[in-house]
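Structure assessment
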Amino acid sequence: AQKVTQAQTEISVVEKEDVTLDCVYETRDTTYYLFWYKQPPSGELVFLIRRNSFDEQNEISGRYSWNFQKSTSSFNFTITASQVVDSAVYFCALSFTQGGSEKLVFGKGTKLTVNP
Amino acid sequence: DARVTQTPRHKVTEMGQEVTMRCQPILGHNTVFWYRQTMMQGLELLAYFRNRAPLDDSGMPKDRFSAEMPDATLATLKIQPSEPRDSAVYFCASGKRQGSLNTEAFFGQGTRLTVV
């Protein structure tokens, strides 16, 4: 099965704390893509990052960083110095090609609450 | 600022009625995804189009759901007849697939459907 597991259902932190959201994926493909999306209380899904399976370099964008490790099939997301505005549900997703079509499969999401 | 536009944002309808949800992809994008989000099932892929052709609708209940792209600026998802269990938020996403590079999917704000 090709799937994404986000074991943390909910996380609560205090502002300025660092927080890491875990994502573990399963796939039999050698070429695939991993994504993170943010869903704030307003409900829209906001694209954060895409990585392909051949690029294991970690990425940093401001307070956000991502750690991709093929050896453990993980693509974890860290927010440094969290802020109240980071409160949202965060989804990890796996994209692969199947029968000429694309599949974008989401995990169940991690609800992050950042308290002042 | 290019974005995916979905209409209506909210829809309340009676069981048995036909529901049509519309999506305007970002100009220049050649892929469209339809997703359904519920608390129980999370984000489920319903259909996938590339260059207006439906390549995958395996996630869609075939007896009552249909998805089309009459032109490059409009994708529709229709439910006929609607049932209470169809109540969910329906998202459309569009992206640009180039070669074998899977799409970065950008999501609309969703249509919140309530069937009573």
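Above this text is the structure in question.
Treat the numbers as computed from the prediction; the structure is a model and nothing was measured. (Residues numbered from 1 in each chain as written. Chains lettered and ligands numbered in written order. Predicted model: local features only at pLDDT ≥ 70, side-chain atom pairs only at ≥ 80, totals over all residues. Heavy atoms only, no water.)

Points about the packing of aromatic side chains
What the rule picks out here adds up to 22 aromatic pairs over all chains. Ring centres 5.0 Å apart and planes at 5° place the aromatic pair W66(A) and F77(A) in the stacked group. Of this pair, W66(A) sits in strand β8 (residues 64-69) while F77(A) sits in strand β9 (residues 74-79); the two residues are 11 residues apart in sequence, bridging distant segments of the chain. Both residues of the pair, W66(A) and F77(A), count as buried. Judged by centre distance (5.8 Å) and plane angle (75°), the ring pair of F68(A) and F75(A) falls under edge-to-face. Through pairs of rings, three or more aromatic residues link up here, namely F35(A), Y37(A), F47(A), F91(A), F106(A), F33(B), Y35(B), Y48(B), F91(B), F106(B) and F107(B). (Phe/Tyr/Trp six-rings, centres within 6.5 Å; stacked < 30°, edge-to-face > 60°. Helix = DSSP H or I, 4+ residues; strand = E, 2+ residues; numbered from the N terminus. Buried < 20%, exposed > 50% of the residue type's maximum accessible area, 1.4 Å probe, protein only.)

What to know about the sheet that holds strand β8 (residues 74-79) of chain B
Residues and elements named next belong to chain B. The strand order across the open sheet formed by 4 strands is β1-β3-β8-β7, and the pairing between neighbours is antiparallel. Pairing within the sheet leaves two strands with one partner each, and these edge strands are β1 (5-7) and β7 (65-71). Averaged over all neighbouring strand pairs, the angle between strand axes comes to 20°, with direction disregarded. Sheet analysis places β1 next to strand β3 (residues 19-24), joined by 3 bridges and oriented antiparallel. Its bridge partner lying in β3, T7 is registered against R22. (Pairing = 2+ DSSP bridges. Axes fitted to C-alpha atoms, helices over the stretch in contact; angles between N-to-C directions.)

Observations regarding the side chain of Q6(B)
All names here are of chain B. With respect to the secondary-structure elements, Q6 resides in strand β1. Of note is the side chain of Q6, whose polar atom sits 2.9 Å from the backbone oxygen of Y90. In this structure the side chain of Q6 is engaged in a polar contact, spanning 3.0 Å, whose partner is the backbone nitrogen of G110. Apart from the residues lying within four places of it in its own chain, the contact partners of Q6 are R22, C23, W34, Y90, F91, C92, G108, Q109, G110 and T111. (Polar contact = N/O pair within 3.5 Å; in protein donor to acceptor, adjacent residues only side chain to side chain. Contact = heavy atoms within 4.5 Å.)

Notes on the interface of chain B and chain A
At the junction of the two partners, chain B supplies 26 residues and chain A supplies 20 residues. Buried area between chain B and chain A, summed over both chains or domains, comes out near 2,000 Å², and the portion from carbon and sulfur atoms is 49%. At the junction of chain B with chain A, the criterion picks out 3 salt bridges. Across the pair R97(B) and E102(A) runs a salt bridge whose closest N-O atoms are separated by 3.4 Å. For the interface between chain B and chain A, the tally reads 11 residue pairs in polar contact (both at pLDDT 80 or more). (Buried area = accessible area lost by both parts, 1.4 Å probe. Salt bridge = Lys/Arg side-chain N within 4 Å of Asp/Glu carboxyl O.)

Side note on the state of the cysteines
Scanning the entire structure with this criterion turns up 2 disulfides over all chains. Disulfide partner of C23(A): C92(A), at an S-S distance of 1.9 Å. The disulfide joining C23(A) to C92(A) has a torsion of about -65° about its S-S bond and is therefore left-handed. Of this pair, C23(A) sits in the loop between β3 (19-21) and β4 (24-26) while C92(A) sits in strand β10 (residues 88-98), placing them 69 residues apart in sequence. The exposure class of C92(A) is buried, given its relative accessible area of 0%. Note on cysteine connectivity: C23(B) is disulfide-linked to C92(B), with sulfurs 1.9 Å apart. Since a negative S-S torsion denotes a left-handed disulfide, the C23(B)-C92(B) link at about -60° is left-handed. Pair noted here: C23(B) is in strand β3 and C92(B) is in strand β9 (residues 88-95), with a separation of 69 residues, a long-range link. Grouping residues by exposure puts C23(B) and C92(B) together as buried. (Disulfide = S-S within 2.5 Å.)

Describing the pairing of β9(A)
All names here are of chain A. With 5 of 6 residues buried, β9 lies mostly within the body of the structure. Pairing analysis gives 3 bridges linking β3 to β9, with the strands arranged antiparallel. Looking across to β9, one finds that V19 is bridged to I79. As paired elements, β8 and β9 share 6 bridges and run antiparallel to each other. Opposite Y64, over in β9, you have I79 as the bridge partner. Joining the antiparallel neighbours β8 and β9 is a turn of 4 residues, in which S73 adopts a positive phi near 50°.

Remember, this is a structural readout, not a statement about activity or role.
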